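A closer look at the structure
Letter by letter, the chains look like this.
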Amino acid sequence: MNINPKHTFTSNLPADPILENTRRQVTKACYSYVKPKQTSNPKLLHVSPEMLKELGLSENDAKRKQFLNIFTGNTVLENTNPYAMCYGGHQFGHWAGQLGDGRAINLFEIEHNNQNWKLQLKGAGETPYSRTADGLAVLRSSIREYLCSEAMHHLGVPTTRALSLALSGDQVLRDVMYNGNPEYEKGAIVCRVSPSFLRFGSFEIFAARNDTETLKTLVDYTIKTHFKHLFTSSDPGGTEESFRETEINKQTYVSFFNEVALRNLDMVIHWQRVGFTHGVMNTDNLSILGLTIDYGPYGWLEGYEPGWTPNTTDSQHKRYRFGAQPDIVHWNLYQLANALYPLIEEAEGLEAVLANYAIQKEAKYLQMMRSKIGLSTEEPKDANLIQELEDCLQLTETDMTIFFRNLANFDSATPTNGLQIIRESFYEIKTVTEAVKNRWNLWFDSYADRLQRDPISAKAKKENMNSVNPKYVLRNYMAQLAIDDANKGDYKLIDDLFNLLKQPYAEQPKHEKWFAKRPEWARHKVGCSMLSCSS
Ligand SMILES: Nc1ncnc2c1ncn2[C@@H]1O[C@H](COP(=O)(O)OP(=O)(O)OP(=O)(O)O)[C@@H](O)[C@H]1O
Ligand SMILES: [Mg+2]
């Protein structure tokens with residue numbers, strides 16, 4: 001295996017001078033060096049061929065013992081120095097202080113095709129940031145993270161990626177529903193991959209500690225590394241040589257914040273498009289690059305319900321419910337603005353970005369919803385048509401994925417067929433009363449009128465709709481079936497789902513069984529509709 005490891009993160013940012021792996025507050029440093037824990041009997045369960053290719057590795061490489069050893073933490077690659085990152089975060093609306101990579105350990109960077117990738121193990125053992133926990137991850141949550149991050153990539157949603165899923169061979173104790181019934185589960189490790197694992201909380205921690213110096217070092221590094229275009233355009237002449245020395249001006253900090261805001265807006269609008277509910281949008285789980293990060297208690301909408309969250313830890317206030325996600329990004333951006341303020345010392349620019357986010361959020365959401373119903377032009381009343389559609393979707397439990405996919409078959413010449421076309425998306429046909437049918441028929445009439453004023457051909461409309469409305473998503477019960485099998489030692493379904501989800505927008509007649517509503521047994525089952533943060 002030919003890996004030429006890079007270390008741009010550690011060579012540009014301050015390290016924690018303490019090398020002992022003891023739990024502590026780490027100050028004036030962006031990371032701590034720490035070695036992954038040795039595992040007793042590691043076994044690879046799956047490797048992403050697409051990710052291998054992105055990294056310039058071959059499928060043969062993945063079969064080597066060295067690959068297994070490196071990506072489960074048993075071998076540290078020569079000339080590399082693994083590390084855990086320091087960050088803080090606002091959890092459920094409250095500042096939680098230092099959090100950090102309590103169980104994630106960065107191995108090294110690989111550069112391939114002009115892209116720098118950080119490779120990180122999740123569940124690789126304790127670090128200085130582990131607080132009271134064990135640094136490990138269990139198989140169920142690792143399968144969910146592995147399958148979903150690659151599935152999101154294929155859906156076209158900005159996300160961190162996954163290279164491999166492995167068993168550690170060790171047992172991990174977990175109290176799944178936090179009700180005093182801990183049990184041993186299989187331990188597992190996912191190798192995650194991303195151009196950066198920096199989170200909003202990576203910046204907040206230094207602002208909270210009034211450590212403006214380290215804050216500036218980290219922000220400048222981030223701009224010069226990941227937002228180079230901002231840096232060079234506003235500071236002309238910024239060549240590689242002058243790269244480190246050149247001062248970044250205040251306007252560039254504001255532009256950086258603006259881009260972070262817009263990238264995260266783009267990400268969350270994609271979530272709303274595909275029905276993804278993240279579940280724990282704390283500021284330590286929002287990426288500075290606007291990538292979906294931390295596949296914990298996430299879930300996919302089945303019945304269209306903006307008030308839904310899969311996370312039982314949030315069942316009372318439902319702060320992170322599906323419909324609130326774009327507003328939560330906004331709230332989190334306020335926290336990031338506060339963290340960047342010491343570098344700018346003027347609120348105006350940051351406030352303008354936040355105000356613009358609110359405007360853009362409405363516009364982008366509307367644009368996205370127009371695409372879901374196949375409109376190629378804009379009319380002022382589209383917002384009403386879409387609002388009425390969302391109201392109709394909540395009249396009775398209606399499957400989001402099936403609804404939008406089947407809606408592509410609607411013909412504006414025969415609006416009375418509308419109900420028949422979407423019938424399959426209703427969970428209980430007996431709840432579709434005359435009153436419900438009437439509302440839907442009214443909507444289909446307005447929709448047909450609107451489509452008739454749209455110049456797009458029926459064929460193009462259908463193609464467009466099928467390219468934004470996925471046919472296959474990782475429904476909660478599907479992941480749970482793969483987990484149940486894996487706990488019994490059968491890993492085939494992981495591979496089947498992995499392959500299915502590579503083409504979420506394609507018709508896959510052989511796999512039609514996955515284009516189905518959630519089965520009744522999964523309605524209230526732990527892991528399918530209820531997920532805790534225990535992972
Ligand atoms: N088993 C564990 N051992 C040590 N620390 C943990 C463990 N589980 C979670 N943490 C830490 O608790 C904090 C919040 O956890 P959260 O569930 O958001 O993250 P995570 O799922 O571990 O990781 P990530 O955000 O990297 O995907 C993080 O600092 C995380 O590292
Ligand atoms: Mg997290």
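Keep in mind it's a predicted model, so treat the numbers as computed, not measured. (Residues numbered from 1 in each chain as written. Chains lettered and ligands numbered in written order. Predicted model: local features only at pLDDT ≥ 70, side-chain atom pairs only at ≥ 80, totals over all residues.)

1. Some thoughts on the domain arrangement of the protein chain
Domain boundaries assigned for the protein chain yield domain 1 (8–197), domain 2 (375–455) and domain 3 (476–522). Taken over C-alpha atoms, the centre of domain 1 sits 44 Å from the centre of domain 2. (Domains from an automatic or database assignment.)

2. Considering the environment of Leu 393
Summarising the element assignment, Leu 393 is placed in helix 11 (residues 382–393). A sequence separation of 209 residues divides Leu 393 from Tyr 184, and the C-alpha atoms of the two residues are 41 Å apart. Setting aside residues no more than four positions away along its own chain, Leu 393 makes contact with Tyr 304, Thr 398 and Phe 403. (Helix = DSSP H or I, 4+ residues; strand = E, 2+ residues; numbered from the N terminus. Contact = placed C-beta atoms within 7 Å.)

3. A few points about the UniProt feature "binding site: ATP" (unreviewed entry) in the protein chain
Mapped onto this numbering, the UniProt entry gives "binding site: ATP" (unreviewed entry) at Gly 100, Gly 102, Arg 103, Lys 122, Asp 134, Gly 135, Arg 192, Arg 199 and Asp 294. Mapped onto the fold, Gly 135 is located in the loop between strand 7 (115–122) and helix 4 (139–155). If near-sequence neighbours (up to four positions away) are discounted, Gly 135 is found in contact with Lys 37, Gly 102, Arg 103, Gly 125, Glu 126, Thr 127 and Ser 130. Looking at the element boundaries, Asp 294 is found in the loop between strand 10 (276–277) and strand 11 (299–300). For Asp 294, a count of 23 C-beta atoms within 10 Å corresponds to the buried category. (UniProt positions renumbered as here; feature names shortened; annotations may be inferred. Buried ≥ 20, exposed ≤ 12 C-beta atoms within 10 Å, placed from the backbone.)

4. So, the pairing of strand 6 (residues 104–112)
Pairing of strand 6 with strand 7, which is carried by 8 bridges, proceeds in the antiparallel orientation. The partner of Ala 104 across the bridge, within strand 7, is Lys 122. With antiparallel pairing between neighbouring strands as the criterion, strand 6 and strand 7 make up a hairpin whose turn holds 2 residues, including Asn 113 at a positive phi of roughly 50°. (Pairing = 2+ DSSP bridges.)

5. Re the nonpolar core
Ranked by size, the top nonpolar core spans 135 residues in total, and within it Ile 143, Leu 147, Phe 203, Phe 257 and Leu 474 carry the most contacts. Ranked by residues supplied to this core, first place goes to helix 8 (residues 250–274) with 12 residues. For Leu 147, the contacting residues outside a window of four places in its chain are Leu 474, Ala 479, Ile 494, Leu 497, Phe 498 and Leu 501. (Core = buried A, V, L, I, M, F, W, Y, C linked by C-beta atoms within 7 Å.)

6. Brief notes about the UniProt feature "binding site: Mg(2+)" (unreviewed entry) in the protein chain
UniProt records the feature "binding site: Mg(2+)" (unreviewed entry) at Asn 285 and Asp 294, using the numbering of this structure. As for its position among the elements, Asn 285 is in the loop between strand 10 and strand 11. Excluding its chain neighbours within four sequence positions, the residues that come into contact with Asn 285 are Arg 199, Val 280, Ile 293 and Asp 294. Not counting the four nearest positions on each side in its chain, Asp 294 is found in contact with Val 280 and Asn 285.

7. Considering the confidence of the model for the protein chain
Residue-level pLDDT values for the protein chain average 96, and 98% of them are 70 or greater. Both scores are available for the predicted complex, with the pTM at 0.97 and the ipTM at 0.99. (pLDDT = per-residue confidence, 0-100.)

8. Here we look at helix 14 (residues 434–452)
Given a rise of 1.5 Å per residue, 19 residues ought to cover 27 Å, and the 27 Å separating the end C-alpha atoms of helix 14 matches this to within 8%. Among the residues of helix 14, Trp 440, Phe 444, Tyr 447 and Leu 451 are the ones counted as buried. End-on view of helix 14: buried residues confined to an arc of 65°, all on one side of the axis. The exposed residues of helix 14 that point more than 90 degrees off its buried face are Glu 434, Ala 435, Asn 438, Asp 449 and Gln 452. Check the buried side of helix 14 and you find it contacts helix 11 and helix 13 (418–422). (Expected span 1.5 Å × (residues − 1). Arc of directions from axis to C-beta.)

9. As for the packing of helix 9 (residues 325–344) against helix 10 (residues 347–372)
If you want to describe how two helices pack, look at the angle between their axes and the distance between the axes. Here helix 9 crosses helix 10 at 160°, and the two axes come no closer than 10 Å. Here helix 9 lies roughly antiparallel to helix 10, going by the angle between them. Like other packed secondary-structure pairs, helix 9 and helix 10 cross with a definite hand, here right-handed. Residues Pro 326, His 330, Leu 333, Tyr 334, Ala 337, Leu 340, Tyr 341 and Ile 344 of helix 9 form the contact with helix 10, whose participating residues are Ala 347, Gly 349, Leu 350, Leu 354, Tyr 357, Ala 358, Lys 361 and Tyr 365. Partitioned by chemical class, the residues of the contact of helix 9 with helix 10 number 13 nonpolar, 2 polar and 1 charged. (Axes fitted to C-alpha atoms, helices over the stretch in contact; angles between N-to-C directions. Parallel < 35°, antiparallel > 145°, perpendicular 65-115°, else oblique. Left-handed = near helix turned anticlockwise from the far one by under 90°. Nonpolar A, V, L, I, M, F, W, Y, C, P; charged D, E, K, R; others polar.)

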